[in-house]
Amino acid sequence: MKRVVSYTNLAPGKHSFKVYAINGNGIESNNDEMMFFFQRPYIYQRAGFWVILLIVLVGSGIFYFYQREKRIMKENLRLEALVKVRTAALEQEKIKSDNLLRSILPDKIADKLKEATGNKSFGENHENVTLLFSDIAGFTKVSSGHSAKEIVDALNKMFSLFDERAKQMGVEKIKTIGDAYMAACGVPESNKDHAKIMINFAKGMYQDLAKYNETADIKFNIRIGLNSGPVTAGVIGTHKFIYDVWGDTVNVASRMETAANPGAIRITEDLKNLLEGAGFEFTDAIECKIKGKGLMKTYEVIQ
C-alpha cells in the first residue's frame, strides 16, 4: 500500500518528518523513522528580493518624478519663452501705437490722453501764441491737368519739408486742410520767443518752397499770414482725435493769409509790436478790410 502525504505553505528552512505506524488496534510501532529536509525559499521569500523590489520601486518613483519635473521645467521654459516673445511683440505694437499717436498729437497732449480715463476731451487757455496759416496761390489752376496721386505726392513732398523745419524749430504743426498749412508756437508749451520763432519759420517755409520747386513737376507758390494773441487749445470728441486751436486770434491769422500777396508774409499790428527790436524789417502799414474786424493795419515782412 502506498501512502502519500503533502504539505503546503511550508516556511523556508530546515524541517523534520517523523513517520511511525499504528495498527488497527491503535498500537504504535516501536520503529519510527525520522527524515530531515530543507525547504528552499521562493524568490519572493528572499530578503534580497524585497530589497531589490524596494530599490526598483523607489528608483521608479524617483525617475517618474524626475521626468515629470523635467517635463514641467521644459514646458515652463517654453511658456516663458513664448511669454517673452508675446511681450516683446506687444511692446513693439505699443511703441508703434505710441509713435503713431505722437505723430498726430504733441507729446504733452499724447501723454495726457493716455493717462485720461472716460471723457478724453479737454481745453487749455494760452495767453501768448503766434498762429501761422499758409496756402497755395492759385492751387486749382496749378493742379488742373494732374492726377490725384500726382497732386497728393507733390503736396506731401512740400509739406514734409515744412514738417521737418517745424520739428527743428520747436513749432507745433496743427493740421493741413487741403492745400493749407497751419502751425503755431506757444502751444501746448509756452515759449517767450513765439513771435520771433514763427517769423523765422515763415521765412524758412519760403526757403523750403524754393528747394521743392527746383525739382518739382508741379511748382507752387504760397502766401503766409500770422497773428499773435490768446487762444484756446485742446482736443474734442471721442474718435479721430486732433489737437486744435480756437479763438479770435486764430480767425485773424487766417484772414492775414487771405490778405497776403503770393510770396509774402502778412502780419497784424499786434504781432509787429511784439517783434519791435528783434531785427526784422516791415513794409509801411497796409490797411485792409478784414471780415468781422473792419479796417485793420497790417504789415508784410521784408524778406
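Above this note sits the structure.
Keep in mind it's a predicted model, so treat the numbers as computed, not measured.

Rules behind the numbers
Residues numbered from 1 in each chain as written. Predicted model: local features only at pLDDT ≥ 70, side-chain atom pairs only at ≥ 80, totals over all residues. Heavy atoms only, no water. Helix = DSSP H or I, 4+ residues; strand = E, 2+ residues; numbered from the N terminus. Buried < 20%, exposed > 50% of the residue type's maximum accessible area, 1.4 Å probe, protein only. Contact = heavy atoms within 4.5 Å. Areas by Shrake-Rupley, 256 points an atom, 1.4 Å probe, with all protein chains shown as cover. Expected span 1.5 Å × (residues − 1). Arc of directions from axis to C-beta. Core = buried A, V, L, I, M, F, W, Y, C linked by side-chain atoms within 4.5 Å. Phe/Tyr/Trp six-rings, centres within 6.5 Å; stacked < 30°, edge-to-face > 60°. Patch = residues over 30% accessible without salt bridge, like charges linked within 9 Å, V, L, I, M, F, W, Y side chains within 5 Å. Salt bridge = Lys/Arg side-chain N within 4 Å of Asp/Glu carboxyl O.

Broken down by element type, the chain carries seven helices and 10 strands. A principal-axis box enclosing the C-alpha atoms of the chain has dimensions of 165 × 45 × 30 Å. For the chain, with 303 residues in total, the buried portion stands at 32%. A separation of at least 24 residues holds for 62% of the contacts in the chain among residues at least 6 apart in sequence. Surface exposure of the chain reaches about 20,100 Å², of which carbon and sulfur atoms provide 55%.

Residues separated by three or four positions in an α-helix point in the same direction, a consequence of the helix having 3.6 residues per turn. Under the 1.5 Å per step criterion, the end-to-end length of helix H4 (residues 148-169) is 31 Å for 22 residues, consistent within 8% with the ideal 32 Å. Listing the buried residues of H4 in full gives Ile 151, Ala 154, Leu 155, Met 158, Phe 159, Phe 162, Arg 165 and Ala 166. Looking down the long axis of H4, one finds its buried residues gathered within 115° of arc, a one-sided arrangement. In H4, the exposed positions that point more than 90 degrees away from the buried face belong to Lys 149, Val 152, Lys 157, Lys 167 and Gln 168. The elements touched by buried residues of H4 are strand E3 (122-136), helix H3 (139-143), strand E4 (172-177), strand E5 (180-185), helix H5 (194-215) and strand E6 (222-235).

The biggest cluster of nonpolar side chains holds 38 residues, and the ones touching the most others in it are Met 158, Phe 201, Phe 220, Ile 224, Leu 226 and Ile 267. Breaking this core down by element, the ones donating at least two residues are E3, H4, E5, H5, E6 and strand E8 (265-268). Element by element, the count of residues in this core is highest for H5, at 10 residues. Not counting residues within four places of it along the chain, the set of residues in contact with Phe 201 comprises Leu 132, Phe 162, Arg 165, Ala 166, Met 169, Val 171, Tyr 181 and Ala 183. Membership of the second largest hydrophobic core comes to 18 residues, among which are Ile 109, Ala 184, Val 235 and Val 250.

The next point concerns the packing of aromatic side chains. The full count for this structure, using the stated rule, is eight aromatic pairs. Ring geometry for Phe 159 against Tyr 181: centres 5.5 Å apart, planes inclined by 45°, an arrangement best described as tilted. Placement of the pair is Phe 159 in helix H4 and Tyr 181 in strand E5, with a sequence separation of 22 residues. Just as Phe 159 is buried, Tyr 181 falls in that class too. Members of the aromatic cluster, joined through ring pairs, are Phe 139, Tyr 212 and Phe 220.

This part covers the environment of Lys 297. Structurally, Lys 297 is set in strand E10 (residues 294-300). Counting along the chain gives 146 residues from Lys 297 to Ile 151, while the straight-line C-alpha distance between them is 36 Å. If sequence neighbours within four positions are ignored, Lys 297 has contacts with Thr 268, Glu 269, Ala 285, Ile 286 and Glu 287.

On to helix H6 (residues 248-259), then. In a regular helix each residue adds 1.5 Å, so 12 residues correspond to 16 Å; H6 covers 16 Å between its end C-alpha atoms and thus fits that length. For H6, the full list of buried residues reads Thr 249, Val 250, Val 252, Ala 253, Met 256 and Glu 257. The arc that holds every buried residue of H6, seen down its axis, measures 165°, which confines them to one face.

Before going further, it helps to examine a nonpolar patch on the surface. Judged by side-chain polarity, Tyr 42, Ile 43, Tyr 44 and Trp 50 come together as a nonpolar surface patch covering roughly 500 Å² of accessible area. In this structure, Tyr 42 sits in the loop between strand E2 (33-39) and helix H1 (47-104).

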